[in-house]
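These are the residues of each chain, in order.
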Amino acid sequence: MTIRTDSMWISAAIAGCLAAGLPQSAMAQQPEAPPPVADFAADAEDDSDVAENEGYLPTPVTLADLLPSGRRPQPFLFGVRGEHQFNTDIDDAGEFSVTRFTGAGAVMFPLGQRMGGLVGGAYSHACYDFDDAAAFAGGEPWGDIQSVHFGGLIKYLVTRQWSVIGGGFGSFSGENNADSSSSFTGGGAIGAGYRASEDFYVQLGVAVYSQLEDDVSVLPAFRLNWRIDEHWRLRAGVLETGATDSVGVGLVYHFDDHWAVGARMGYIGRRFRLNDDGFAPEGIGEDEQYRGALSLFWEPNHNVQVVIAGGMTFAGSLRVEDEDGNRLFREDYDPGPFVSARLGFRF
């Protein structure tokens, strides 16, 4: 057994419909036997938290070999996470802090000898606290933010090395009492993966998604998962969902089957609808930042994982737009520390 440094906070960029199938010449040949289900949790619970994306979504950058052969994986994943970002100064607009809580789950299932699926979702609550915010006429640009993420994907194994993955996702993200119908973003993605060996997997794709008061975006989706040796593991990825976007890279060192440490660097941007009572009625709020962190992983048994992390945010900014997407406010904020804890289960 190897400790899973994959975060349980699978964040999202998934995709489209894969219906086609193999060419006739390939169909006439004896099909290759699908590979055994590798370390399923290590593939399905990707370390997408290199950027600490709070979504727990099925994505083409997180699901590897969900196929019904070899030992049976645990098909259910669940996790809870808390984070506190300490007070930091906003240029010309006071200071703020934020506390976030997230709960998420997913279920995975086989769909045949060469196909598997996954559906999942997450709920997150962010409590922003602004002090001395003179730029907002003594008030706050926004209060608490609630987000719901959901999605599903299908993966089809073409050969032992090549696979195609696609699905769809959606998010509701907005301030308390914001209009839910105008807080929705959604889209889909499609990708192809190549597994050079049990230790090296790379995936490329494209994601198409809507944005709040902005144009539809088309961006690449990318995943790299490289087990360098028995101790070192490198992961990188680009995840886009419209409501939450993230890019990150992480390196983990495994001491043994139960303990590991990791370092990561990433970017995360959050965009959400505002309610009609505040600084920008029915407008848009945005919080984006880069962050670096060190993590300690403990897995007492195969079904439980505990992660403690701490780090710094930097190059952060807050932005407020009116209901038509016109900018009303944008200011950078200073680097500041954060801490987080996560508890994950698989069964």
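Preceding this paragraph is the structure being described.
Because the structure is a prediction, the values reported are computed rather than measured. (Residues numbered from 1 in each chain as written. Predicted model: local features only at pLDDT ≥ 70, side-chain atom pairs only at ≥ 80, totals over all residues. Heavy atoms only, no water.)

Colleague: Please set out a nonpolar patch on the surface residue by residue, giving values where relevant.
Modeller: Together, Tyr123, Val148, Phe150, Phe172 and Phe184 make up a nonpolar patch on the protein surface, roughly 410 Å² of accessible area in all. Looking at the element boundaries, Phe184 is found in strand 6 (residues 184–197). (Patch = residues over 30% accessible without salt bridge, like charges linked within 9 Å, V, L, I, M, F, W, Y side chains within 5 Å. Areas by Shrake-Rupley, 256 points an atom, 1.4 Å probe, with all protein chains shown as cover. Salt bridge = Lys/Arg side-chain N within 4 Å of Asp/Glu carboxyl O. Helix = DSSP H or I, 4+ residues; strand = E, 2+ residues; numbered from the N terminus.)

Colleague: Outline the pairing of strand 2 (residues 95–110), supporting the account with residue identities and numerical values.
Modeller: Of the pairings in the sheet, the one linking strand 1 (residues 76–89) to strand 2 comprises 12 bridges and is antiparallel in character. Within strand 2, the residue paired with Phe76 across the bridge is Val107. Where strand 1 folds back onto strand 2 in an antiparallel hairpin, the turn is made up of 5 residues, including Asp92, whose phi is positive at roughly 60 degrees. Note that strand 2 and strand 3 (residues 115–131) share 16 bridges and pair antiparallel. For Thr102, the partnering residue across the bridge sits in strand 3 and is Ser124. Once strand 2 ends, the chain turns through 4 residues before running back antiparallel as strand 3, passing Gly112 with a positive phi of about 145 degrees. (Pairing = 2+ DSSP bridges.)

Colleague: Please give an account of the nonpolar core that cites residues and values.
Modeller: Formed by 16 residues in total, the largest nonpolar core has its most connected members in Ile90, Phe96, Tyr128, Phe130, Trp142 and Leu318. For this core, the secondary structure elements donating two or more residues are strand 2, strand 3, strand 13 (304–321) and strand 14 (327–333). Examining the composition of this core, we find that 3 residues originate from one element, strand 3, more than from any other. In contact with Leu318, not counting residues within four places along its chain, are Ile90, Phe96, Phe130, Trp142, Glu286, Asp287, Phe329, Arg330, Glu331 and Tyr333. (Core = buried A, V, L, I, M, F, W, Y, C linked by side-chain atoms within 4.5 Å. Buried < 20%, exposed > 50% of the residue type's maximum accessible area, 1.4 Å probe, protein only. Contact = heavy atoms within 4.5 Å.)

Colleague: Residues and numbers for the packing of aromatic side chains, please.
Modeller: What describes a pair of aromatic rings is the distance from one ring centre to the other and the angle between the planes of the rings. Counted according to the given criterion, the structure contains 18 aromatic pairs. Relative to Phe130, the ring of Phe96 has its centre 5.5 Å away and its plane inclined at 20 degrees; by these criteria the two rings are stacked. Placement of the pair is Phe96 in strand 2 and Phe130 in strand 3, with a sequence separation of 34 residues. With relative accessibility at 5%, the residue Phe130 sits in the buried group. Taken together, a centroid distance of 6.4 Å and an interplanar angle of 25 degrees make the contact between Phe150 and Phe184 stacked. With a gap of 34 residues between them, Phe150 in strand 4 (residues 145–157) and Phe184 in strand 6 connect regions that are remote in the sequence. We classify Phe150 as partly exposed; its relative accessible area is 34%. We classify Phe184 as partly exposed; its relative accessible area is 39%. These aromatic residues form a ring-pair network of at least three members: Phe96, Tyr128, Phe130, Trp142, Phe272 and Tyr333. (Phe/Tyr/Trp six-rings, centres within 6.5 Å; stacked < 30°, edge-to-face > 60°.)

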